[in-house]
Amino acid sequence: MIGAGGVELEARGESARFLAEVLDGLGAPRKALSPKWLYDARGSALYELICQQPEYYPTRTELALLDLHADEIAEAVGPDALVFEYGAGSGRKTVRLLAALRRPAAYLPVDISPDALAQTAQALSRRFPRLVVRPVVADFTVGVALPDLDLPCARRLAFFPGSTIGNFDPPEAVSLLRRMAREAGPGGALLVGVDLPKDEGTLLRAYDDAHGVTAAFDLNLLARINRELAGDFMLSRFRHRAAWDARLSRIEMHLESHEAQLVHVAGAPFAFRAGETIHTESSYKWEPRAFDALAAIAGWRLDRTWTDERAWFSVRLYGRAS
Ligand SMILES: C[S@@+](CC[C@H](N)C(=O)[O-])C[C@H]1O[C@@H](n2cnc3c(N)ncnc32)[C@H](O)[C@@H]1O
């Protein structure tokens, strides 16, 4: 957990990691950056706007599932659960979950985006005044030390909505699910939102909306590099592109260079060919059985599932296998 005194140090560490990863990612033969860097304060705000776009079905579909099945989910999880959430965002789904659960013991939201996390923690503390809420600013891909609250709880529940698991290649997804299994401990549970394969047109529209909000979210990464790492990207020389890779069952987001150009970051030069891209995000669409097999490798056994009528999105509850 980052205490008040540690925030500045952590911010400096984070900015050194950002620089190192950007230099590495832009220097690679196929340029790529982790999607976690999309989420500075502006990126988090733009993600919230994406969720409101008519084309972006995942948020609406998952919220509807959580609303419709709130009682069954609460029953299956049981009372007195301590809930932790990797990548809490605005916590809008968490509000639904916490309102449905019986006597939740505490809520530990983890996020890499400090301002968004602080707002979420405040909003949830106001909404549930008796709930213990302890926000943790951290990158969950490099390990998270959750605070030891020394509170009695019946079980620990990892809540991982938003199809965030889809941002990870299968081996990374297994490591992350394993980390959650360790953190949940014996008797622990995982409630995860999984986006399912569907027609290509629907997927492409969801990741390249007509109002250009997803494009602004993607391009904000270049603005962030300019701001925080002394970059000189000219945003007008790049465009956002979404592509469906049927073989890997994933949507990819790319920033494509309109022309041959030279860009600098912290004084280091990076050449772009016309049409060359930076791969900024993947979003895997999992067949339910394939996802269960992945979760099983990480130590999770399927308990219950809830899926919408179109079979576009699935909320899945797992228990620790041992
Ligand atoms: C796709 S959004 C989902 C937000 C929310 N869970 C929802 O369902 O609406 C991903 C969230 O995870 C956070 N995030 C992404 N990568 C992260 C990382 N490596 N460590 C911590 N938080 C991360 C982002 O800041 C963002 O809030």
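Analysis parameters
- Numbers given to residues run from 1 along each chain, matching the order in which its sequence is written.
- In keeping with the model being predicted, local features are shown solely for residues with a pLDDT of at least 70 and side-chain atom pairs are shown and tallied solely at 80 or more, while totals for entire chains, interfaces and linings include all residues.
- Note that the side-chain values use all heavy atoms of the structure and ignore hydrogens as well as water.
- A molecule or strand has a residue near it when one of that residue's heavy atoms lies within 4 Å.
- What qualifies as a polar contact is a pair of N or O atoms within 3.5 Å, subject to a donor-acceptor requirement within protein and to the restriction that residues adjacent in sequence count only when both atoms come from side chains.
- The Shrake-Rupley method, run with a 1.4 Å probe sphere, supplies the accessible areas, and residue values consider only the shown protein chains as cover.
- Residue polarity is assigned by list, with Asp, Glu, Lys and Arg as charged and Ala, Val, Leu, Ile, Met, Phe, Trp, Tyr, Cys and Pro as nonpolar; anything else, Gly included, falls into the polar class.
- Start and end positions for the domains come from either an automated domain assignment or a database one.
- Every residue pair with non-hydrogen atoms within 4.5 Å of one another is taken to be in contact.
- Buried area is calculated as the accessible area (1.4 Å probe) missing from two parts once they are joined, with the contributions of both summed.
- By definition here, a salt bridge exists when the distance from a side-chain nitrogen of Lys or Arg to a carboxyl oxygen of Asp or Glu is within 4 Å.
- Between N-to-C directions, angles span 0 to 180 degrees; the directions come from axes that are lines fitted to C-alpha atoms, helices contributing only their stretch in contact.
- We count a stretch as a helix when DSSP gives it H or I for four or more residues in a row; a strand needs E for two or more, and each element gets its number in order from the N terminus.
- Angle categories are assigned with fixed cut-offs, so that under 35 degrees is roughly parallel, over 145 is roughly antiparallel, 65 to 115 is roughly perpendicular, and the rest are oblique.
- Crossings are sorted by hand: turned counterclockwise from the far helix by less than a right angle, the near helix makes the crossing left-handed, and turned clockwise it makes it right-handed.
- Only the six-membered ring of Trp is used, alongside the rings of Phe and Tyr, when aromatic pairs are assigned; centres must lie within 6.5 Å, and planes under 30 degrees apart are stacked while those over 60 apart are edge-to-face, with the rest tilted.
- A ring is scored as having a charge over it whenever the NZ atom of a lysine or the CZ atom of an arginine sits within 6 Å of its centre and within 35 degrees of its normal.
- Categorising residues by exposure relies on relative accessible area from a 1.4 Å probe, with only protein chains included: less than 20% of the type maximum marks a residue as buried, more than 50% marks it as exposed, and the intermediate range marks it as partly exposed.
- By definition, two strands form a pair when at least two bridges between them are found by DSSP.
- UniProt positions are given in the numbering used here, feature names are shortened, and annotations may be inferred rather than shown by experiment.
- The length a helix should cover is 1.5 Å for every residue beyond the first.
- The bend reported for a residue corresponds to the angle between axes fitted to the seven residues ending at that residue and the seven starting there.

In the annotation of an unreviewed UniProt entry, the entry for the chain reads Dimethylhistidine N-methyltransferase, and the organism field reads Anaeromyxobacter oryzae.

Glancing now at the site of the ligand. In the vicinity of the ligand there are 18 residues, among which Gly-87, Lys-93, Asp-111, Asp-139 and Phe-140 approach most closely. Here Lys-93 contributes a side-chain N or O atom positioned 2.7 Å from an oxygen atom of the ligand. Separating an oxygen atom of the ligand from a side-chain N or O atom of Asp-111 is a distance of 2.5 Å. For the ligand, whose accessible area on its own is 590 Å², the fraction buried by protein is 95%. Here the shell around the ligand is built from residues that sort into seven nonpolar, six polar and five charged. Here the shell around the ligand gathers at least three residues from each of two domains, domain 1 (13-54 + 200-284) and domain 2 (57-197 + 287-320).

Okay, the domain arrangement of the chain next. Under the domain assignment used here, the chain contains domain 1 (13-54 + 200-284) and domain 2 (57-197 + 287-320). The C-alpha-based centres of domain 1 and domain 2 are spaced at 26 Å. Between domain 1 and domain 2, the residue contacts involve 22 residues of the former and 21 residues of the latter. Where domain 1 abuts domain 2, roughly 1700 Å² becomes buried across the two surfaces, and 46% of that area is made up of carbon and sulfur atoms. Counting across the interface, domain 1 meets domain 2 through three salt bridges. Among the ionic pairs, Asp-169 bridges to Arg-250, the shortest N-O distance being 3.3 Å. Counting every contact that joins domain 1 to domain 2 gives 11 residue pairs in polar contact (both at pLDDT 80 or more).

Running from N to C, helix α2 (residues 41-51) and helix α9 (residues 213-229) point in directions that differ by 165°, and their axes come no closer than 9 Å. Relative to α9, α2 is oriented roughly antiparallel. Between α2 and α9 lies a crossing of left-handed hand. Mapping the contact onto sequence places Arg-42, Gly-43, Leu-46, Tyr-47, Leu-49 and Ile-50 in α2 and Val-213, Thr-214, Ala-216, Phe-217 and Asn-220 in α9. Grouping the constituent residues of the contact of α2 with α9 by class yields seven nonpolar, three polar and one charged.

A few words now on the packing of aromatic side chains. When we look at a pair of aromatic rings, we describe it by the centre distance and by the angle of the planes. Taken as a whole and judged by the stated rule, the model has 17 aromatic pairs. With centroids separated by 6.1 Å and ring planes inclined at 55°, the aromatic side chains of Phe-140 and Phe-168 adopt a geometry described as tilted. With Phe-140 in the loop between β4 (136-137) and β5 (155-160) and Phe-168 in the loop between β5 and α7 (170-184), this pair connects stretches of sequence that are 28 residues apart. Taking NZ or CZ as reference, Arg-224 lies 4.4 Å from the ring centre of Phe-18, over its face.

It is a general feature of regular strands that their side chains alternate between the two faces of the sheet. Taken across its eight residues, strand β11 (residues 277-284) has eight buried, putting it largely inside the fold. Sheet topology places strand β8 (residues 250-257) next to β11; seven bridges connect them, and they run antiparallel. Of the residues in β11, the one forming a bridge with Ile-251 is Ser-283.

Feature annotation in UniProt places "domain: Histidine-specific methyltransferase SAM-dependent" (unreviewed entry) on residues 20-317, given in this structure's numbering. Annotation note: span residues 20-317, helix share 37%, strand share 26%, distance between end C-alpha atoms 37 Å.

A separate point is α9. With 17 residues, α9 extends 24 Å from end C-alpha to end C-alpha; this agrees with the ideal 24 Å at 1.5 Å per step. Taken as a whole, α9 carries its principal kink of about 25° at Leu-219. Counting buried positions along α9 gives 12 out of 17 residues, so the element sits mostly inside the fold. Every buried residue belonging to α9 is among Val-213, Thr-214, Ala-215, Phe-217, Asp-218, Leu-219, Asn-220, Leu-221, Leu-222, Arg-224, Ile-225 and Leu-229, and all of these are buried. Count one or two residues on from α9 and you reach Ala-230, which has phi positive near 50°.

A few words now on the sheet that holds β8. With antiparallel pairing, three strands are arranged side by side in an open sheet as β7-β8-β11. Every other strand in the sheet has two partners, leaving β7 (238-245) and β11 as the edge strands with one partner each. In this sheet, adjacent strand axes meet at a mean angle of 20° when their direction is disregarded. Each of β7, β8 and β11 is contacted by α9, which is oriented at about 60° to β8, the strand it contacts most.

Before going further, it helps to spend a moment on the pattern of salt bridges. In a structure, side chains of opposite charge can pair up when their charged atoms sit close to one another. As enumerated under the stated definition, the model contains 23 salt bridges in all. Note that Asp-195 is salt-bridged to Lys-285, the shortest N-O span being 2.7 Å. Placement of the pair is Asp-195 in strand β6 (residues 189-195) and Lys-285 in the loop between β11 and α10 (288-297), with a sequence separation of 90 residues. A residue is classified by how much of its surface remains accessible, and Asp-195, at 1% relative accessible area, is buried. Overall, Lys-285 belongs to the buried group, its relative accessible area being 2%. Ionic pairing is found between Glu-228 and Arg-224, a salt bridge with its closest N-O pair at 3.0 Å.

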